[in-house]
Amino acid sequence: MFTKLRYNVMQRKYMVLLTYFQTVQMHHVTTSSYIHFGQNLRHILTRDEKMTSLPIETLLNTRKPYLTDGGLETTLIFHDGVELPHFASFTQLDSPEGRVRVDSYFDDYLEAASDAETGFVIDTPTWRANAAWGDVMGLGRSRIAAINTNAVAMAKTVRDRWQCRVSQIIINGAIGPAGDGYAIEQSLESQRAKTSHAVQIEALAAAGVDMVTALTMTHTGEAIGIVQAAKDAGVPVAIGFTVETDGKLPSGQSLGDAIAEVDAVTTNEPIYYMINCAHPDHFKDALLKGENWLKRIGSIRANASRMSHAELDVAEKLDPGNPQELANDYQVLQSLLPNLKVLGGCCGTDHRHVHAIGHACVHKHAA
Ligand SMILES: [Zn+2]
């Protein structure tokens, strides 16, 4: 896994350098000297990168889980009283007040990471910033790319402000489904998903994210397309599946089967999988058999609410559940999932939940 990750990142740097040399210096070289040149360059990069680990490698090697945020969109709507057209938080970046709101939203969470003495993953507010939703909102491809670039710049500002207190910070490009939330009738086969998501993924990669994560995936076709687009863009990718109250994906597939399918088709390309946007009560039973695929789960972002997706979709007020109870649930999940690297929240959670999770699940770990 790490070798492949290193290779992908190096490949991206190598292509950039190779293009430079191709245009500037290497008009007359033969194919064999390209290969020779490539091998030398890769050797140099390998030596260089051994001296300073990439932030993503540090994350994947950590024994102490990093924290991430809770529900950005639900916080903006229900706590801040903001209107989000099509649930699109990136629209906040259009105004100075909105930008400050999203920027400062992360402060309480980074405080939790600082308290727990661990790292943090900053998600870009781009869950809806893909080409398919661009079509719905009347935003063309170049505008979608610019929105993603702009969101990464904002995330970097937050990182730079906090890096003195939280030394390990990952910039993660958040990717949402092309369709509407949890409606499985809008499922995508992988090739179409790849083409559709490539616009956003290429923009996020070019803007310098450390990784991208697909959140609330309802079926494997779209997840596979996203993984393939991320691989082409040379950016590490994680896949977050959502489950219904029966612990299965909205497509009806079990979590274990979905992970096995994506791993088989993409040769284990995802750096890890996530379970998100469901209450632990909905998927705990699916984990109890202790099967091998549990090792592939690296992140949990659960809902504070026990409501189903159908109920959440029409809910008029926030259901924050109980932060301490959710943190206790996370401790149980941690005992079942040996490779958890990132813990955060989803619908109904805010910084109180993430603070409680930090106390329950991070403090007890040695660095
Ligand atoms: Zn959610």
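Attention in this report is confined to the structure presented alongside it. Remember, predicted model here, so these are calculated numbers, not experimental data.

Secondary structure assignment for the protein chain yields 14 helices and eight strands. When burial is assessed residue by residue, the protein chain has 45% of its 367 residues classed as buried. Across the protein chain, the fraction of contacts at a sequence separation of at least 24, relative to all contacts at a separation of at least 6, is 81%.

Turning our attention to unusual backbone geometry. Phi angles above zero are rare outside glycine, and His-86 is one such case at about 55°. Exposure remark for His-86: the 10 C-beta atoms within 10 Å place this residue in the exposed category. Positive phi, close to 50°, is recorded for Thr-267, a residue that is not glycine. Assignment of secondary structure puts Thr-267 in the loop between helix H10 (255-266) and strand S6 (272-276).

Below, the discussion takes up the nonpolar core. Counting 97 residues, the largest nonpolar core has Leu-67, Phe-120, Val-235, Val-237 and Ile-239 as the members making the most contacts within it. It is helix H7 (residues 141-162) that provides the largest number of residues to this core, a total of eight residues. Once residues lying within four places of it in the same chain are set aside, the contact partners of Leu-67 are Tyr-109, Ala-112, Ala-113, Ala-116, Thr-118, Phe-120, Leu-343, Gly-344, Val-354, Gly-358 and Val-362.

What follows is about the pairing of strand S2 (residues 120-123). Regular strands show a simple pattern: their side chains alternate between the two faces of the sheet. Side chains Phe-120 and Ile-122 project from S2 onto one buried face, and the interleaved Val-121 and Asp-123 project onto a second face that is buried too. Relative to S2, strand S1 (residues 66-68) runs parallel, the two sharing two bridges. If you follow Thr-68 over to S2, its bridge partner there is Val-121. In terms of strand pairing, S2 meets strand S3 (residues 169-175) through four bridges, oriented parallel. Paired with Ile-122 across the two strands is Ile-171, which belongs to S3.

Mapped onto the fold, Ile-297 is located in strand S7 (residues 297-302). Ile-297 gets classed as buried once you count the C-beta atoms within 10 Å, which come to 22.

With that settled, the discussion passes to helix H4 (residues 72-79). Taken together, the buried positions of H4 are occupied by Leu-72, Thr-74, Thr-75 and Leu-76. Elements in contact with the buried residues of H4: helix H5 (96-115). The first or second residue beyond H4 is Gly-81, which carries a positive phi of 65°.

Let's shift gears to the packing of helix H13 (residues 323-336) against helix H14 (residues 351-361). Helix packing geometry: the angle between the two helix axes and the distance between the axes. At their nearest, the axes of H13 and H14 sit 8 Å apart, and the two run at 40° to each other. Considering their axes alone, H13 and H14 lie oblique with respect to each other. For the crossing formed where H13 meets H14, the hand is right-handed. From H13, Pro-323, Gln-324, Leu-326, Ala-327, Asn-328, Tyr-330, Gln-331 and Gln-334 reach across to H14, where they touch Arg-352, His-353, Ala-356, Ile-357, His-359, Ala-360 and Cys-361. A class-by-class count of the residues in the contact of H13 with H14 yields eight nonpolar, six polar and one charged.

Glancing now at the sheet that holds S3. Around the barrel, which closes on itself, the eight strands sit in the order S1-S2-S3-S4-S5-S6-S7-S8 with parallel pairing between neighbours. Sheet twist, expressed as the mean angle between neighbouring strand axes with direction ignored, is 25°. Where S3 meets strand S4 (residues 211-217), four bridges bridge the pair, whose relative direction is parallel. Within S4, the position partnered with Ile-175 by the bridge is Ala-214. Contacting S1 and S2, H5 crosses the sheet at an angle of about 165° to S2. Each of S2 and S3 touches H7; the most contacted strand, S3, lies at about 155° to it.

About the thresholds
- Residues numbered from 1 in each chain as written.
- Predicted model: local features only at pLDDT ≥ 70, side-chain atom pairs only at ≥ 80, totals over all residues.
- Helix = DSSP H or I, 4+ residues; strand = E, 2+ residues; numbered from the N terminus.
- Buried ≥ 20, exposed ≤ 12 C-beta atoms within 10 Å, placed from the backbone.
- Contact = placed C-beta atoms within 7 Å.
- Core = buried A, V, L, I, M, F, W, Y, C linked by C-beta atoms within 7 Å.
- Pairing = 2+ DSSP bridges.
- Axes fitted to C-alpha atoms, helices over the stretch in contact; angles between N-to-C directions.
- Parallel < 35°, antiparallel > 145°, perpendicular 65-115°, else oblique.
- Left-handed = near helix turned anticlockwise from the far one by under 90°.
- Nonpolar A, V, L, I, M, F, W, Y, C, P; charged D, E, K, R; others polar.

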